[in-house]
Amino acid sequence: MIPTILEFILALSDSPDIISHLTVEEFKRVFAIAFKLIQTSRDLEKRAESESIIHPMRYDKLDAEKLPSTQTFKITTSIAHFFLSLSYKVISSWLLRMKMVHRRQLAPFITKNLILSCESNKNLNHDTLAYLELVSNFTFSEIDLRIETVPTDNPHRGDPSYTCSRWVYGDGIVTVET
């Protein structure tokens with residue numbers, strides 16, 4: 001059931017005609033589902049470490065082929081972690097597609113629930129810290145969401161005595177040509 005819900009919610013985030021008319025309360029419901037999926041994925045990951053979980057799949061109403069491979073699948077720690085990663089992706093996908101006004105209204109709710117979804121509130125894990133930073137950077141700063149491209153034209157291409165290197169420094173890219 002988790003993969004189906006995740007796929008549906010992620011697909012909805014790519015539908016601007018649908019999400020452009022949502023209210024703050026409706027956005028809150030989507031994020032609440034994502035936080036519940038994060039908790040469920042963490043629980044699945046813990047259970048998968050200690051035992052093999054066989055998840056029954058129901059295809060009775062879909063007239064699907066009923067071979068043993070379609071009846072159940074084994075949830076491993078890798079699959080549980082994949083579900084966890086997709087659950088976090090729901091947060092970033094929806095947050096970045098919201099209007100800035102809605103982001104600012106929902107930031108306290110998202111931040112609180114990110115911290116609560118962590119196993120230990122004292123030691124936040126890397127996922128939680130990364131998404132807390134994402135929320136703060138794209139809610140309370142004036143960072144533009146456009147992507148800047150680095151020019152790829154190189155007039156010295158093929159010249160063995162020419163070298164070009166680029167590095168990220170602060171908020172920019174430093175290019176050194178010799």
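Now for a description of the structure that goes with this document. (Residues numbered from 1 in each chain as written. Predicted model: local features only at pLDDT ≥ 70, side-chain atom pairs only at ≥ 80, totals over all residues. Heavy atoms only, no water.)

All right, on to the packing of aromatic side chains then. Throughout the structure, instances matching the rule amount to four aromatic pairs. Ring plane angle 70° and centroid distance 6.2 Å describe the contact between F35 and F109, whose orientation is recorded as edge-to-face. With F35 in helix α3 (residues 24-50) and F109 in helix α6 (residues 100-117), the pair connects residues that are 74 residues apart, well separated along the chain. Each member of the pair, F35 together with F109, is buried. (Phe/Tyr/Trp six-rings, centres within 6.5 Å; stacked < 30°, edge-to-face > 60°. Helix = DSSP H or I, 4+ residues; strand = E, 2+ residues; numbered from the N terminus. Buried < 20%, exposed > 50% of the residue type's maximum accessible area, 1.4 Å probe, protein only.)

Before going further, it helps to spend a moment on the nonpolar core. Ranked by size, the top nonpolar core spans 35 residues in total, and within it F31, I91, W94, I110 and L114 carry the most contacts. Ranked by residue count, the leading element in this core is α3, at nine residues. Non-local contacts of W94, meaning those with residues more than four positions away in its chain, are made with I9, L12, S13, I19, L22, F27, V30 and F31. (Core = buried A, V, L, I, M, F, W, Y, C linked by side-chain atoms within 4.5 Å. Contact = heavy atoms within 4.5 Å.)

Taken together, W167, Y169, V174 and V176 make up a surface patch of nonpolar side chains, about 430 Å² in accessible area. Counting residues per element, the ones that place at least two in the nonpolar patch are β3 (164-169) and β4 (172-177). Tracing the chain through its elements places Y169 in strand β3. Residue classification places Y169 among the exposed positions, given a relative accessible area of 65%. (Patch = residues over 30% accessible without salt bridge, like charges linked within 9 Å, V, L, I, M, F, W, Y side chains within 5 Å. Areas by Shrake-Rupley, 256 points an atom, 1.4 Å probe, with all protein chains shown as cover. Salt bridge = Lys/Arg side-chain N within 4 Å of Asp/Glu carboxyl O.)

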